[in-house]
Amino acid sequence: MLNGYTELVGLMASPIRHSHSPAMQNEAFRRAGINCVQLAFEVDNSCLKEAVHAIRILGMRGSNVSMPNKTVVGKYLDKLSPAAQLIGSVNTIVNDHGVLTGYCTDGIGFMASLKDEGIDITGKKITVVGAGGAATAIQIQAALDGVAEISIFNVKDQFYEAGEETVRKINKFTDCKASIYDLADHAALRREIADSCLLSNATGLGMKPYEGITWLPDTTFLRPDLIVTDTVYAPPVTKFLEMAREVGCRYMNGHGMMLFQGAAAFQLWTGKQMDVDHMKQWLREVGIF
Ligand code: NAD
């Protein structure tokens with residue numbers, strides 16, 4: 001029951017009404033018996049500073065933050081987690097008695113989704129395609145969590161420089177060795193995938209307006225013992241994952257990353273573990289997964 005003690009967490013982004021996060025977090029609060037609600041607020045960069053101020057003034061427990069605010073909101077906060085600092089992006093704010101700390105749980109969610117499937121990539125090499133927000137979070141978190149080597153591929157667009165910056169940061173601040181290559185260099189792509197244990201798509205290719213499209217030239221780049229992951233979850237099986245399935249690879253879409261980034265935010269706000277087994281079943285029942 002909502003009452004005078006109900007705590008509030010926000011979700012600040014624009015556009016935001018389509019997001020599954022409030023439904024998911026509110027079911028998790030209900031399941032855990034926590035008197036808290038998440039509400040979505042249409043907030044873009046133009047009113048972000050005031051919206052963050054409201055977290056303090058209203059005594060909100062915190063907020064999720066999504067596009068276009070993830071890379072901007074840090075300057076309005078008091079502290080950043082080491083990962084949020086390195087990634088340069090915040091998707092979760094926690095308010096501890098007026099002190100606002102920013103976290104990035106996207107990479108945590110990716111790593112936790114692998115762990116949930118019994119997959120351990122620490123000490124191993126992975127190849128990640130993409131240099132945008134999702135890719136950077138995955139690459140930095142993987143490096144912080146002990147992945148030995150990361151090969152990054154991206155097309156030579158405006159994101160390539162961000163990929164070069166990620167490589168610099170990983171090589172400087174972690175024990176992981178990172179490199180970046182042009183996605184058009186198919187010889188390098190084949191070579192780097194060959195000794196990787198995992199290949200991930202962290203670009204938007206495969207979802208609208210790029211449905212049915214992948215950057216993977218053909219299935220000869222894959223092998224049955226390669227783990228293949230996609231950040232995309234709509235459609236649940238992208239062209240990229242279809243190719244992985246054809247070769248007999250173990251594959252995962254972005255549902256796990258989405259669930260576990262939310263579980264990490266839930267834990268930061270409440271200090272409690274989200275009941276992820278219940279949430280998986282509930283997300284399927286309500287048709288989100
Ligand atoms: P972004 O806009 O920050 O980055 C886009 C990336 O796609 C860049 O690397 C860009 O170079 C690449 N790209 C764009 N057009 C391309 C093309 N024609 N060929 C090859 N590469 C191309 O986006 P983002 O926020 O990083 O999101 C990327 C994907 O990850 C989206 O599909 C998003 O829905 C998904 N995502 C999933 C989760 C999750 O929890 N599962 C979380 C965040 C993002």
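Calculation notes
- Residues numbered from 1 in each chain as written.
- Predicted model: local features only at pLDDT ≥ 70, side-chain atom pairs only at ≥ 80, totals over all residues.
- Heavy atoms only, no water.
- Domains from an automatic or database assignment.
- Buried area = accessible area lost by both parts, 1.4 Å probe.
- Salt bridge = Lys/Arg side-chain N within 4 Å of Asp/Glu carboxyl O.
- Polar contact = N/O pair within 3.5 Å; in protein donor to acceptor, adjacent residues only side chain to side chain.
- Helix = DSSP H or I, 4+ residues; strand = E, 2+ residues; numbered from the N terminus.
- Pairing = 2+ DSSP bridges.
- Contact = heavy atoms within 4.5 Å.
- Axes fitted to C-alpha atoms, helices over the stretch in contact; angles between N-to-C directions.
- Parallel < 35°, antiparallel > 145°, perpendicular 65-115°, else oblique.
- Left-handed = near helix turned anticlockwise from the far one by under 90°.
- Nonpolar A, V, L, I, M, F, W, Y, C, P; charged D, E, K, R; others polar.

K.L.:
I'm lost on the domain arrangement of the protein in this one. Help?
P.N.:
Accessible area lost upon the coming together of the parts is a frequently used measure of interface size. What the domain assignment lists for the protein is domain 1 (7-104 + 256-285) and domain 2 (107-253). Taking only C-alpha atoms into account, the centre of domain 1 sits 25 Å from that of domain 2. Surface buried jointly by domain 1 and domain 2 totals about 1300 Å² across both partners, of which 73% is contributed by carbon and sulfur atoms. Where domain 1 meets domain 2, there are 1 salt bridge. Residue D116 pairs with K280 through a salt bridge whose shortest N-O separation is 2.7 Å. Inspection of the domain 1/domain 2 interface yields 2 residue pairs in polar contact (both at pLDDT 80 or more). Elements represented by at least two residues in the side of domain 1 that touches domain 2 include exactly α3 (82-87) and α9 (255-270).

K.L.:
Teacher, can you tell me more about the sheet that holds strand β1 (residues 7-13) here?
P.N.:
Strand pairing in a sheet takes place through backbone hydrogen bonds and is either antiparallel or parallel in direction. Here 6 strands make up an open sheet; going across it, the order is β2-β1-β3-β5-β6-β4 and the pairing mixed. Both outer strands of the open sheet, β2 (36-42) and β4 (79-80), are each paired with one neighbouring strand and no more. Bridge count for β4 against strand β6 (residues 99-103) is 2 bridges, and the pairing is parallel. Residue pairing for β6: L80 is matched across the bridge by G102. Docked against the sheet, helix α1 (residues 21-32) engages β1, β2 and β3 (62-65), running at close to 170° with respect to β2. Of the strands in this sheet, β1, β2, β3, β5 (92-96) and β6 touch α9, which is tilted by about 5° from β5.

K.L.:
Is there a simple way to explain the packing of helix α4 (residues 106-116) against helix α5 (residues 133-144) in this structure?
P.N.:
To describe two helices that pack against each other, one gives the angle between their axes and the distance between the axes. The contact between α4 and α5 brings their axes to 7 Å, and the two run at 65°. Classified by the angle between their axes, α4 and α5 sit roughly perpendicular to one another. Judged by the twist between their axes, the crossing of α4 over α5 is right-handed. Note on element contacts: α5 touches α4 through A137, I138, Q141 and A142, opposite D106, G107, I108, F110 and M111. Here the residues of the contact of α4 with α5 are counted per class, giving 6 nonpolar, 2 polar and 1 charged.

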